[in-house]
Amino acid sequence: MHPGFSQWMSGTGPESEIVLSSRIRLARNLAGIPFPHRMSEEQGRAMLERVEAAIQSLNPGWHMTFRRLTELTALERQVLMEKHLVSPQLIQEPVRFEAVALDDREGISIMVNEEDHLRIQVLMPGLQLEEAWQIANRVDDMLEQHLDYAFDETRGYLTAWPTNLGTGLRASVMLHLPALVMTRQAPQVFTTLAQLGMVVRGLYGEGSEALGNIFQISNQVSLGLTEEELIHNLAVVAQQIVGREKNARDHLKGSAGIALADRVGRAWGILTNARVMTSDEALKLLSDVKLGADLGLMDGALPYTFPQLTLMTRPSFLQVEAGHELAPEERDRMRANTLREHLAGKR
Amino acid sequence: MNDGQVRICQRCHERPAEVHFSKVVNGEKSDRYLCEQCAREEGAFHFVLGPQFSMQHVLGGLIGQAGFPGNRGTAADALRCPTCGYSYREFAETGRLGCDRCYEAFQAELNPLILRLHGRAQHRGKVPARSGKELYARRELERLREQMADAVKREAFEEAAQIRDKIRQLEGGSADAPRV
Ligand SMILES: [Zn+2]
Ligand SMILES: [Zn+2]
C-alpha cells in the first residue's frame, strides 16, 4: 500500500485556507446479522465476503481496492488512520475481520466491520459537504442493490449505536483555527456549537486533542432531519466559523502584526533547523507557519499543503517512509530531517 | 522543574509553569508545562472537547436515571433480543445494541431514549430503494399529491391533470392505495 498523499490533501476547494477537508460518513448494517462487536468468527468472514462482492460491483468504474486489515502490517494500518481514511476504532488490536475499500484517489473509503457493518466515507478538500454527499449517496445506492440493509420506516437505518440512527449520517469539516485559539475565542465558539447540536473533536476524532489548532466539527443528531438539512446546517455553521476565524486573523494582523510575524518566523526557523522534533511540536510549528503563509507573512508559498506536511510528520507515516520501525528518539530525528529537507531544500 | 530551573509556561510564554501534564499517544510521550491560568483555560477547553468522548456515559447516565421513562427496573434487565441473544442489561452498560432486531426487542425502553438523543422520533431522510420500496412509493405519492394540490391552487389544471395521471400510474402497483 503506497504511503503517498491522498487527493483530499491537495489544499484546493472553497475556503481551503481554513477548511482542510469535508467528510461524509454513512453507517449501514445488514438485516438480521449481529453488529460487528457481537459477530462470531464465521459471521465476520461471511460478512467480508458479501461486502467484498458488492464492492467489486463498483468496479471497474470506481477503481476500488479491497483490503482485509489482517493482510496489512500494523504500521500500514496506522498510516491509513493518520491519513484519515479509517477510524481509530477500525484498526484497534487485535484486528479480526475488518476491511477497507479505497478508490485510487483515496477520496472514498468503505470500512467493513467497524462499529457498524459498513461505513461509507467520502473525503474532499475544502468546504464541499454537498459534493461529498452526492458521491457517498451514489456509492450507497449501488451497494444497496447487492446488500439487504437493516432499515425501518420510523427509525431509518438501524445502527449499532442509537446515536447514529436515522440517516446514519455524520457530516464533518476539519478546520484550522489558529487565530480563534490565539485570541482565546475558541472555547466560547465551541460552547455555542454544542448548543447548536454540533460536536467538536480534535485531529484524530473522539477524545483526541486539538493538536495544531485543528478541529473537527460534525452533526450530533442524525434522526428526524433529511441528509440535505443536516448537511446544510453544518455548512452554514462552518461558514460562520470561517468568517470568525478570518476576522480574528485580520484583528491579529492589525493589532499584533510584529508579534505574529515574529512567531511565524521563529516557527520557520525551528522547522528548518532543528535536529530533533516531536510530532506535537511539529504540528504546533506547522500550524504557525501555515497561518503565516495564509497571511502573506512568509516569502512565498509553502512547498506542500498543511495536511500533507502534517501527514509527513506522523509517527507511522515516517516509519513506513523509512522502511522499518523506528524507536521514538529515532523518529524525532527523522522527523526533523524530513522537515528540513522538504521545507528548506525547496526554498 | 526538578533540575532547579524555572520553566516558563508553554502556552502563554509569560508566567512560570506550575502544572505538568504528561501523556503517551501511540508510543509518543509528550510533556506539557503550563501556568495555573493556562491550565485552567485548557481545562475549560477540554471540557468542551469532552462530551463525544463519553457518549456511552451519556447513554448509560440516561438509562440509569431515576424517573427515566425507559426504566422498568429488573423487568427490563431480564429482556433479551430473540435474534442475537443480547440483553437489555448489556445495552444499558455499553450504550450499544447487538443487532438491528434489538431495536424491536427493546422498543419500550429504547423509544424514549431515541427521542431524547435526537429530539425527534420519525426518520425523514433517505429510503433504500429495495428494503424501503413501499415507503419510497408512498412518499412519492405524497409528494405528487402535494404538487397536484399546488397546481390546482395556481389554476394550472393541465399540469394538475398530468400529475394525476402519474399518481394513478403509481397507484396501479398497489391495490389498497387510496384513490385521489
Ligand atoms: Zn501560561
Ligand atoms: Zn439483537
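Residues numbered from 1 in each chain as written. Chains lettered and ligands numbered in written order. Predicted model: local features only at pLDDT ≥ 70, side-chain atom pairs only at ≥ 80, totals over all residues. Heavy atoms only, no water.

Trainee: Would you mind going over the coordination of the zinc ion (ligand 2) with me for this structure?
Mentor: Octahedral metals with six donors have ideal donor angles of 90 or 180 degrees. Tetrahedral metals with four donors have an ideal donor angle of 109.5 degrees. Residues and elements named next belong to chain B. Only Cys81 (SG), Cys84 (SG), Cys99 (SG) and Cys102 (SG) from the protein coordinate the zinc ion (ligand 2), and they sit 2.3 to 2.4 Å from it. With four donor atoms in place around the zinc ion (ligand 2) and angles of 100 to 124° between them, the coordination shape is tetrahedral. All donor residues of the zinc ion (ligand 2) come from one chain, and their arrangement in sequence is C-x2-C-x14-C-x2-C. Residue Cys84 is located in the loop between α3 (74-77) and α4 (88-94), and its partner Cys99 is located in the loop between α4 and α5 (102-105); the two are separated by 15 residues in the primary sequence. Judged on exposure class, the residue Cys84 and its partner Cys99 are both buried. (Donors = N, O, S within 2.8 Å, 3.2 Å for Na, K, Ca; no water. Tetrahedral: all angles 85-135°; square planar, octahedral: opposite > 155°, others 65-115°. Helix = DSSP H or I, 4+ residues; strand = E, 2+ residues; numbered from the N terminus. Buried < 20%, exposed > 50% of the residue type's maximum accessible area, 1.4 Å probe, protein only.)

Trainee: Where do I start with the pattern of salt bridges in this structure?
Mentor: Two side chains that carry opposite charge are able to pair once their charged atoms sit near each other. Evaluated as defined, the whole model comprises 28 salt bridges over all chains. Each of Arg28, Asp140 and Asp141 of chain A together with Lys126 of chain B takes part in a single network of salt bridges with overlapping partners. (Salt bridge = Lys/Arg side-chain N within 4 Å of Asp/Glu carboxyl O.)

Trainee: Is there a simple way to explain the domain arrangement of chain A in this structure?
Mentor: The extent of an interface is frequently quoted as the accessible surface area lost upon association of the parts. Residues and elements named next belong to chain A. Once the domains are mapped, chain A shows domain 1 (7-247) and domain 2 (256-343). On a C-alpha basis, the centroid separation for the pair domain 1 and domain 2 is 27 Å. In this assembly, 21 residues from domain 1 lie in contact with 22 residues from domain 2. Overall, the association of domain 1 and domain 2 removes approximately 1800 Å² of surface from exposure, summing both partners, and the carbon and sulfur fraction of that is 71%. Where domain 1 packs against domain 2, one counts eight residue pairs in polar contact (both at pLDDT 80 or more). Mapped onto the side of domain 1 that touches domain 2, the elements with two or more residues apiece are α2 (74-82) and α4 (178-182). Per-element accounting of the side of domain 1 that touches domain 2 gives the leading share, four residues, to α2. Its residues placed into classes, the side of domain 1 that touches domain 2 shows eleven nonpolar, seven polar and three charged. (Domains from an automatic or database assignment. Contact = heavy atoms within 4.5 Å. Buried area = accessible area lost by both parts, 1.4 Å probe. Polar contact = N/O pair within 3.5 Å; in protein donor to acceptor, adjacent residues only side chain to side chain. Nonpolar A, V, L, I, M, F, W, Y, C, P; charged D, E, K, R; others polar.)

Trainee: In this structure, what is going on with the nonpolar core? I would like to understand it.
Mentor: All names here are of chain A. Ranked by size, the top nonpolar core spans 67 residues in total, and within it Ile24, Ile55, Ile110, Leu143, Leu193, Ile217 and Ile241 carry the most contacts. Sorting elements by how many residues they give to this core places helix α6 (residues 227-255) first, with nine residues. Two domains each provide a minimum of three residues to this core, namely domain 1 (7-247) and domain 2 (256-343). Once you skip the residues sitting within four places of it in the chain, Ile217 turns out to touch Ala171, Ser172, Val173, Leu175, Leu193, Met198, Val199, Val200, Leu234 and Ile241. Listed in part, the 40 residues of the second largest apolar core include Val79, Leu90, Met111 and Trp268. (Core = buried A, V, L, I, M, F, W, Y, C linked by side-chain atoms within 4.5 Å.)

Trainee: Sorry, what's going on with the environment of Glu228 of chain A here?
Mentor: Residue and element names in this part refer to chain A. With respect to the element layout, Glu228 can be found in helix α6. Assessed through its relative accessible area of 40%, Glu228 is described here as partly exposed. Sequence-wise, Glu228 and Leu129 are 99 residues apart; in three dimensions their C-alpha atoms are separated by 9.8 Å.

Trainee: Looking at this structure, I do not really get the packing of aromatic side chains. What am I missing?
Mentor: Two descriptors summarise a pair of aromatic rings, namely the distance from one centre to the other and the angle between the planes of the rings. This model, assessed by the stated rule, comprises six aromatic pairs over all chains. Ring centres of Phe5 of chain A and Tyr304 of chain A lie 6.1 Å apart, and the angle between their planes is 65°; on these two criteria the pair is classed as edge-to-face. In this pair, Phe5 of chain A is assigned in the segment before β1 (19-28) and Tyr304 of chain A in the loop between α8 (279-294) and α9 (306-312), connecting sequence segments 299 residues apart. When the ring of Tyr88 of chain B is compared with that of Phe106 of chain B, the centres are 5.6 Å apart and the planes differ by 75°; the resulting orientation is edge-to-face. Here the residue Tyr88 of chain B occupies a position in helix α4, and Phe106 of chain B occupies one in the loop between α5 and α6 (107-118), the gap between them amounting to 18 residues. The positively charged end of Arg28 of chain A is found above the aromatic ring belonging to Tyr157 of chain A, 3.4 Å away from the centroid. (Phe/Tyr/Trp six-rings, centres within 6.5 Å; stacked < 30°, edge-to-face > 60°. Lys NZ or Arg CZ within 6 Å of the ring centre and 35° of its normal.)

Trainee: What am I meant to see in the interface of chain B and chain A here?
Mentor: At the junction of the two partners, chain B supplies 54 residues and chain A supplies 66 residues. For the pair chain B and chain A, the two sides together bury roughly 5100 Å², of which 54% comes from carbon and sulfur. At the boundary of chain B and chain A, one finds six salt bridges. One salt bridge connects Glu104 of chain B with Arg155 of chain A, and the closest N-O pair in it is separated by 3.1 Å. At the boundary of chain B with chain A, the tally comes to 24 residue pairs in polar contact (both at pLDDT 80 or more). Among the secondary structure elements, those contributing two or more residues to the side of chain B that touches chain A are β2 (28-34), α1 (36-49), α2 (55-64), α4, α5, α6 and α7 (133-153) of chain B.

Trainee: For this particular structure, what's the right way to read helix α5 (residues 186-195) of chain A?
Mentor: Side chains of residues three or four places apart in an α-helix project in the same direction, reflecting 3.6 residues per turn. Along α5 of chain A, the positions that sit buried rather than exposed are Ala186, Val189, Phe190 and Leu193 of chain A. All buried residues of α5 of chain A lie within an arc of 95° about the axis, which places them on one face of the element. (Arc of directions from axis to C-beta.)

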